[in-house]
Amino acid sequence: MLHNAKEMEGYAVGATDGAIGHVQDFYLDDEKWVIRYLVVDTGGWLASRKVLVSPIAVGTPDWEQRLLPVSISREQVSNSPTIDTDKPVSRQHEMIYSGYYGYPYYWGGRGYWGGEMYPNLMVPGYGGSLAGLDQEQRESARQEHEHDDPHLRSYNAVVGYHIQASDGDIGHVAGMLIDEQTWAVRYLIINTSNWWLGHEVLIAPKWVEAVNWLDRTVTVSMTRQSVKDAPTYDPEAAMSREAEHQLYRHYGYVGYWTDHPIRDTEISRF
């Protein structure tokens with residue numbers, strides 16, 4: 001199922017032994033278009049310190065109660081590495097974070113999560129992209145990637161970026177639809193109200209030609225007319241597979257679900 005990331009802001013985050021805080025933002029991988037971290041405001045119990053929570057730890061969300069349960073404790077969060085969420089998160093910071101929680105690295109593989117399709121398959125003791133490697137191999141992996149650009153962007157910073165079609169502006173990013181299993185960004189929600197009042201459409205990240213982070217623009221190959229003629233996005237209605245089929249057919253693309261068939265071994269363990 002797909003969920004609007006904007007609506008997930010403010011969700012409570014519940015540890016194994018109590019509340020942690022609430023979701024304030026997300027860190028988005030601008031290369032694979034996947035949510036890598038939730039930025040959680042811990043409120044009074046940690047002096048409003050902001051901490052990162054990986055989707056690896058997130059269990060089955062309670063959408064009605066606006067709650068995200070996580071498989072970590074309050075003590076783990078309290079003692080977790082301090083990361084200044086107002087500054088770019090380096091690969092070294094990510095390595096320290098992953099090492100603290102015992103998570104395998106998500107980078108270096110072809111899949112969304114280092115070879116895994118779903119992040120909760122990377123929970124310690126369940127396997128993962130570095131499972132089974134000895135200490136020397138882990139150190140080699142660390143040295144190989146410690147200076148990588150992690151490609152992390154604030155979700156809230158990307159909202160508002162202008163969309164450039166092949167023949168002019170068509171609107172701006174109003175939100176994103178997130179796959180609750182993979183935490184992949186399936187669609188950018190595009191508000192075109194400057195041209196067509198009350199009109200919102202969806203564009204998949206795969207259809208994005210370029211992102212200019214300095215100019216805050218996203219370039220797509222389709223024309224303004226093709227976007228105008230696309231199926232309208234209704235935020236009040238659940239996004240069905242048939243609606244996705246119609247959208248992909250409109251633009252002449254093959255659906256993402258045909259690229260990643262779900263195997264029996266890839267079901268959630270939470």
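Every value quoted in this text rests on a predicted model; they were computed, and no experiment measured them. (Residues numbered from 1 in each chain as written. Predicted model: local features only at pLDDT ≥ 70, side-chain atom pairs only at ≥ 80, totals over all residues. Heavy atoms only, no water.)

**Some remarks on the packing of aromatic side chains**
1) Next: Applying the stated rule across the entire model yields 18 aromatic pairs.
2) Next: With a centroid separation of 4.8 Å and 85 degrees between ring planes, the pair formed by Tyr-106 and Trp-107 is classed as edge-to-face.
3) Next: Ring geometry for Tyr-256 against Trp-257: centres 5.0 Å apart, planes inclined by 80 degrees, an arrangement best described as edge-to-face. Each member of the pair, Tyr-256 as well as Trp-257, is classed as buried.
4) Next: Following the ring pairs from residue to residue traces out a cluster consisting of Tyr-187, Trp-207, Tyr-248, Tyr-251, Tyr-253, Tyr-256 and Trp-257. (Phe/Tyr/Trp six-rings, centres within 6.5 Å; stacked < 30°, edge-to-face > 60°. Buried < 20%, exposed > 50% of the residue type's maximum accessible area, 1.4 Å probe, protein only.)

**A short note on the confidence of the model for the chain**
1) Next: Scored by pLDDT, the chain has a mean of 85; 86% of the residues are at 70 or more.
2) Next: Note that pLDDT drops below 50 for residues 128-134; the model gives that stretch 17 contacts with residues more than four away or on any other chain.
3) Next: Every residue in residues 261-270 scores below 50 in pLDDT, and together they form 23 contacts with partners more than four places removed in sequence or on other chains. (pLDDT = per-residue confidence, 0-100. Contact = heavy atoms within 4.5 Å.)

**Overview of the pattern of salt bridges**
1) Next: Under the defined criterion, the tally for this structure stands at seven salt bridges.
2) Next: Of the charged contacts, one joins Glu-9 and Lys-6 as a salt bridge, the two residues approaching to 3.3 Å between their closest N and O atoms.
3) Next: Exposure remark for Glu-9: the relative accessible area of 19% places this residue in the buried category.
4) Next: Owing to a relative accessible area of 40%, Lys-6 belongs among the partly exposed residues under this scheme.
5) Next: Residue Arg-249 is joined to Glu-242 by a salt bridge in which the shortest nitrogen-to-oxygen separation is 3.2 Å. (Salt bridge = Lys/Arg side-chain N within 4 Å of Asp/Glu carboxyl O.)

**A short note on the pairing of strand β8 (residues 162-165)**
1) Next: Along β8, the buried face is formed by Ile-163 and Ala-165; none of His-162 and Gln-164, which line the opposite face, is buried.
2) Next: Pairing geometry for β8 and strand β9 (residues 168-179), over four bridges, is antiparallel. If you follow His-162 over to β9, its bridge partner there is His-172.
3) Next: What sits between the antiparallel neighbours β8 and β9 is a turn of two residues.
4) Next: Where β8 lies against strand β13 (residues 217-220), three bridges are found, and the strand directions are parallel. Within β13, the residue paired with His-162 across the bridge is Thr-217. (Helix = DSSP H or I, 4+ residues; strand = E, 2+ residues; numbered from the N terminus. Pairing = 2+ DSSP bridges.)

**Here's the deal with unusual backbone geometry**
1) Next: One non-glycine residue, Arg-66, lies in the positive phi region at around 55 degrees.
2) Next: Along the chain, the position of Arg-66 falls in the loop between β5 (50-53) and β6 (67-69).
3) Next: When its relative accessible area of 37% is taken as the criterion, Arg-66 is described as partly exposed.
4) Next: Residues other than glycine seldom take positive phi values, yet Trp-183 does so here, at roughly 65 degrees.
5) Next: Position of Trp-183 among the secondary structure elements: in the loop between β9 and β10 (185-191).

**What to know about the pairing of β13**
1) Next: By the bridge criterion, four bridges tie strand β12 (residues 208-212) to β13 in an arrangement that is antiparallel. In the sheet register, Val-208 faces β13, and the bridge partner there is Val-220.
2) Next: The antiparallel pairing of β12 with β13 creates a hairpin that spans four residues between the two strands, and Arg-216 there sits at a positive phi of about 60 degrees.

**A look at the nonpolar core**
1) Next: Ranked by size, the top nonpolar core spans 78 residues in total, and within it Phe-26, Leu-38, Trp-183 and Tyr-187 carry the most contacts.
2) Next: When residues of this core are assigned to their parent elements, the largest contribution, six residues, is made by strand β4 (residues 34-41).
3) Next: If we skip the residues at most four places from it in the chain, Phe-26 touches Ala-5, Met-8, Glu-9, Ile-35, Tyr-37, Leu-38, Val-39, Arg-153, Ser-154, Tyr-155 and Trp-183. (Core = buried A, V, L, I, M, F, W, Y, C linked by side-chain atoms within 4.5 Å.)

**Digging into the environment of Asp-17**
1) Next: Relative to the helices and strands, Asp-17 resides in the loop between β2 (12-15) and β3 (18-29).
2) Next: With 58 residues separating them in the primary sequence, Asp-17 and Glu-75 have C-alpha atoms 9.0 Å apart.
3) Next: Contact partners of Asp-17, with chain neighbours within four places excluded, come to Ser-73 and Arg-74.
4) Next: Of the polar contacts made by the side chain of Asp-17, one reaches the backbone nitrogen of Arg-74; its length is 3.0 Å. (Polar contact = N/O pair within 3.5 Å; in protein donor to acceptor, adjacent residues only side chain to side chain.)

**What about the side chain of Asp-41?**
1) Next: Checked against the element boundaries, Asp-41 lands in strand β4.
2) Next: No salt bridge forms around the buried Asp-41; measuring N to O, its nearest opposite-charge neighbour Lys-50 is 4.4 Å away.
3) Next: At 2.9 Å, the side chain of Asp-41 and the backbone nitrogen of Gly-43 are in polar contact.
4) Next: Sequence-distant contacts of Asp-41, that is, excluding residues within four places in its chain, are made with Ile-20, Gly-21, His-22, Gln-24, Ser-48, Arg-49 and Lys-50. (Lys, Arg positive; Asp, Glu negative; His and termini not counted.)

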